[in-house]
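# Inside the fold
Okay, here's what each chain looks like letter by letter:
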Amino acid sequence: MTQLARICAAALIAILPVCSAQTANHKSKPAPKPEPTAPDLFEFIRGSLLTLNPDDGFNDNIEVTFNWTSNVMTITQPTGHCDLFLNALNTTNVVWDVFDPSDAHQTRDKLVRVTLVSVSGTRARTCYDKANNVDPSVPSNRVRLLFSFTKADGVPGFQDKMTKALKKLIVLSGGAPESKLF
């Protein structure tokens, strides 16, 4: 009987350190990462618009601001500025495409642009020329953000990250949340 007790004690001594090591390895899950705030999302979007700027002298994003009272993002470019009404946008349809802004007289680098449309019957943007007059030639039912194709292509997952940030900021600004149609 004493030999059996010794064997059991030896087994316990050998097993206990292994069990306690396994318990130490099973740490509790870290706290979930907090959701980004509207200012965090805006700063990401603003930073991307300015650092991934086309730098072509025509489509450049010179400055990007946000009015927190009216939920209006203003993008200033060399030809004027556009006020984007985020609370009028629909997040269900976000379309990315590559655009070549070259014309017969000047070759320009390709741009990647994201297009969002407004909720039916609402204005998504108002654009102004350098003299601060409304530019009626710019369609008011959609918003387009422009980035250098070459620069954006160098950022892993850029389109997915930007899409998520835009959708979240639009919803936090009072815009329509994404709806699953099918």
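This text goes with the structure placed above it.
Residues numbered from 1 in each chain as written. Predicted model: local features only at pLDDT ≥ 70, side-chain atom pairs only at ≥ 80, totals over all residues. Heavy atoms only, no water.

### Points about the packing of aromatic side chains
A ring pair, where both rings are aromatic, is described by two values, the distance of the centres and the angle of the planes. This structure, assessed with the given rule, holds six aromatic pairs. An angle of 85 degrees between the planes, with centres 6.1 Å apart, marks the rings of F42 and W68 as edge-to-face. One end of the pair, F42, is in helix α2 (residues 38–51); the other, W68, is in the loop between β1 (63–67) and β2 (72–77), with 26 residues separating them in the sequence. Given the relative accessible area of 5%, F42 is considered buried. On the basis of relative accessibility, which here comes to 42%, the residue W68 falls in the partly exposed class. (Phe/Tyr/Trp six-rings, centres within 6.5 Å; stacked < 30°, edge-to-face > 60°. Helix = DSSP H or I, 4+ residues; strand = E, 2+ residues; numbered from the N terminus. Buried < 20%, exposed > 50% of the residue type's maximum accessible area, 1.4 Å probe, protein only.)

### Section: the pairing of strand β7 (residues 142–148)
For β7, the buried fraction is high: five of the seven residues fall into the buried class. Relative to β7, strand β5 (residues 111–118) runs antiparallel, the two being bridged by seven bridges. The residue bridging V112 from the neighbouring strand is F147, located in β7. (Pairing = 2+ DSSP bridges.)

### Focus: the pairing of β5
The element β5 is extensively covered by neighbouring structure, given that seven of its eight residues are classed as buried. Bridge count between strand β4 (residues 89–99) and β5: seven bridges; the pairing is antiparallel. The residue bridging V98 from the neighbouring strand is V112, located in β5.

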